[in-house]
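Coordinate inspection notes
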Amino acid sequence: MKKLLMRFRSAFFAPHFDLRVRLFHVLALGGTLISLLMMILGIITNSGFVNIAFNLGSAVLSYTLLTYSRLTRRYKICYLITVIIIFMGLFPVLFFSSGGYHSGMPAFFVFAVAFTVFMLEGKKAIFFSLAELLLYTAICLIAYYYPETVNAFAREQEVLLDIIIAFISVSLVLGASLFLHFRLYNEQQKKLDEQNTVLDHASRAKTAFLANTSHEMRTPLTIISVNVQTVMEILEDMGGVLKDKEAGKLLETAQDEIMRLARMVGGMLNLTSMSESAEKEMVDFTALLTSSAEMLRLSLQRSGNSLVTGIEAGLSVFGSADLLAQVLTNLIQNAGQHTKDGTINLSAARNSGVITVTIADNGSGIPENLLSQVFERGVSDGGTGFGLYLCRTVVESHGGRIWIESRYGSGTSVFFTLPVYEGQYGGQK
């Protein structure tokens, strides 16, 4: 008996089956058994040949669909056949031949609509479930206004027995369906928790690797940079004797690439530090914007650029002040690097529950082929490719979004939004 049950479970309710497949198996098996019971009841109550024949036909069709779906795996066709032929075809006939709404058939109508929603997807589920509701409502109204169309039960006991059988049958099938649904949900939730644990360990390992690698790279890069500078100084001292200046140019190029690599290492360290737990708290965003602007104003002036600010008073956000300051520094420095003898505008204003920050310049702009990719890691028109990626990561981790508008040769505007502080507690990770 145990082996038989195991084979039955493996054939119809194995874990590898999709939830809809399991529900369909419940429906087909339940439909077969229910139809046979209703057929037997029809024989006992002498409900007529039509009712008995249709119940027998329903049982045969349900079992045929069960077998066909198992052999062919063409479940979607079986779902539609079930809805169209059984739910919308046989059920109305059984309704009129077995007591109308003075019977257990309304319970089967609920059962049909529920399983239509379970088995079909998207617009099909909506269309057929609404069609069933309209159909079942219509036949109930027909039975009310034209009672002669209904084959009523002769005795009250038959009505009671039919309602009890329908109630128990539908409850068992729907109960089994919900049991399978929640069981599968719990299994998937357990797997998801396990996968999240594995991913968390992998993320921590990746973060540790990047941090260690970045720290290890800084020392040799510093040594190489110092040695190159020393060689360059020696060559300058030998300038009167050295005829070939090509060596000096090669060393300058090497030094530029070393510094670029050093900035990339710094970017990697910033990214890894963001992966670590950073405490968030209420930040006086107006003060943060103002202090960041003043800190960078002098360096911008040295390159011939002016910084104009228009920052609304009383702005506050919930987040990490250090990370947000890093975003502002990166964006303003980027604007300064691509602008010569121009103007950089920093503005911030609140609109409803969102603060919008704008950093605009009238510099060289961004080539069109890079514009859609500038926030991707490693994409750059001369920088490290980490700056804007870091900005996007920080802004999105604070519940905001960032975008960019630029016209090559006419300047660039970067916009990012942050939610207004609404009383969150500090110390969150």
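What counts and how
- Each chain carries its own residue numbering, running from 1 in the direction its sequence is written.
- This being a predicted model, a pLDDT of at least 70 is required before a residue's local features are given, and a value of 80 or more before pairs of side-chain atoms are given or counted; all residues contribute to the totals for chains, interfaces and linings.
- By convention in this description, side-chain values take in all heavy atoms of the structure and omit both hydrogens and water.
- Stacked, tilted and edge-to-face pairs are distinguished by plane angle, under 30 degrees for stacked and over 60 for edge-to-face with tilted covering the rest, among Phe, Tyr and Trp rings (Trp via its six-membered ring) whose centres lie within 6.5 Å.
- Secondary structure follows DSSP: runs of H or I at least 4 residues long count as helices, runs of E at least 2 residues long count as strands, and numbering of each begins at the N terminus.
- Under the scheme applied here, a residue whose accessible area is under 20% of the maximum for its type counts as buried, over 50% as exposed, and between as partly exposed, the area being computed with a 1.4 Å probe on protein chains only.
- Exposure above 30% relative accessible area and the lack of any salt bridge qualify a residue for a patch; like charges then connect within 9 Å, and the nonpolar side chains Val, Leu, Ile, Met, Phe, Trp and Tyr within 5 Å.
- Calculation of accessible area relied on Shrake-Rupley with a 1.4 Å probe; when residues are assessed, cover is drawn exclusively from the protein chains displayed.
- Whenever a carboxyl oxygen of Asp or Glu lies within 4 Å of a side-chain nitrogen of Lys or Arg, that contact is scored as a salt bridge.
- For the charge count, each Lys or Arg is scored as positive and each Asp or Glu as negative, with His and the chain ends excluded.
- Taken as the charge centre is NZ of Lys, CZ of Arg, CG of Asp or CD of Glu, depending on the residue.
- What counts as an axis is a line fitted to C-alpha atoms, over the stretch in contact for a helix, and the angles between N-to-C directions run from 0 to 180 degrees.
- Just so you know how the angles are binned, under 35 degrees is roughly parallel, over 145 roughly antiparallel, 65 to 115 roughly perpendicular, and the rest oblique.
- We call two residues in contact when some of their heavy atoms are within 4.5 Å.
- Any residue outside Ala, Val, Leu, Ile, Met, Phe, Trp, Tyr, Cys, Pro, Asp, Glu, Lys and Arg is labelled polar, Gly included; the first ten of those are nonpolar and the last four are charged.
- Each helix crossing is assigned a hand: it is left-handed if the near helix lies turned anticlockwise from the far helix by less than a right angle, otherwise right-handed if that turn is clockwise.

Enumeration according to the criterion identifies 13 aromatic pairs in this entry. Seen from their ring centres, Trp403 and Phe415 are 5.4 Å apart, and the 15° between their planes marks the pair as stacked. With a gap of twelve residues between them, Trp403 in strand β6 (residues 402-407) and Phe415 in strand β7 (residues 411-419) connect regions that are remote in the sequence. Overall, the relative accessible area of 24% leaves Trp403 in the partly exposed class.

Within helix α12 (residues 387-397) the residues assigned to the buried category are Leu388, Tyr389, Leu390, Cys391, Val394 and Val395. Looking one or two residues past α12, Gly399 carries a phi angle of roughly 85°, positive in sign.

Okay, a negative patch on the surface next. A surface patch of negative charge is lined by Glu233, Glu236, Asp237 and Glu252. When residues of the negative patch are assigned to their parent elements, the largest contribution, three residues, is made by helix α7 (residues 156-237). Mapped onto the elements of the fold, Glu233 is located in helix α7.

Our next topic: a nonpolar patch on the surface. On the surface, Tyr101, Leu141, Ile142, Tyr144, Tyr145 and Tyr146 cluster together into a nonpolar patch covering about 670 Å² of accessible area. Summarising the element assignment, Tyr144 is placed in helix α6 (residues 122-145).

Moving on: the packing of helix α5 (residues 105-119) against α6. Packing of α5 against α6 leaves a shortest axis separation of 8 Å and a crossing angle of 170°. One element, α5, and the other, α6, form an angle in the roughly antiparallel class. In this structure, α5 contributes Phe109, Ala112, Val113, Thr116 and Val117 to the contact, and α6 contributes Ala125, Phe128, Ser129, Glu132, Leu133, Tyr136, Ile139 and Cys140. Across the contact of α5 with α6, the residue classes break down as ten nonpolar, two polar and one charged.

Glancing now at the packing of helix α10 (residues 321-337) against α12. Where α10 contacts α12, the two axes come as close as 9 Å, and the packing angle between them is 145°. For the crossing formed where α10 meets α12, the hand is left-handed. Touching Leu323, Leu324, Gln326, Val327, Asn330, Leu331 and Asn334 of α10 are Gly387, Leu388, Leu390, Cys391, Val394 and Val395, all from α12.

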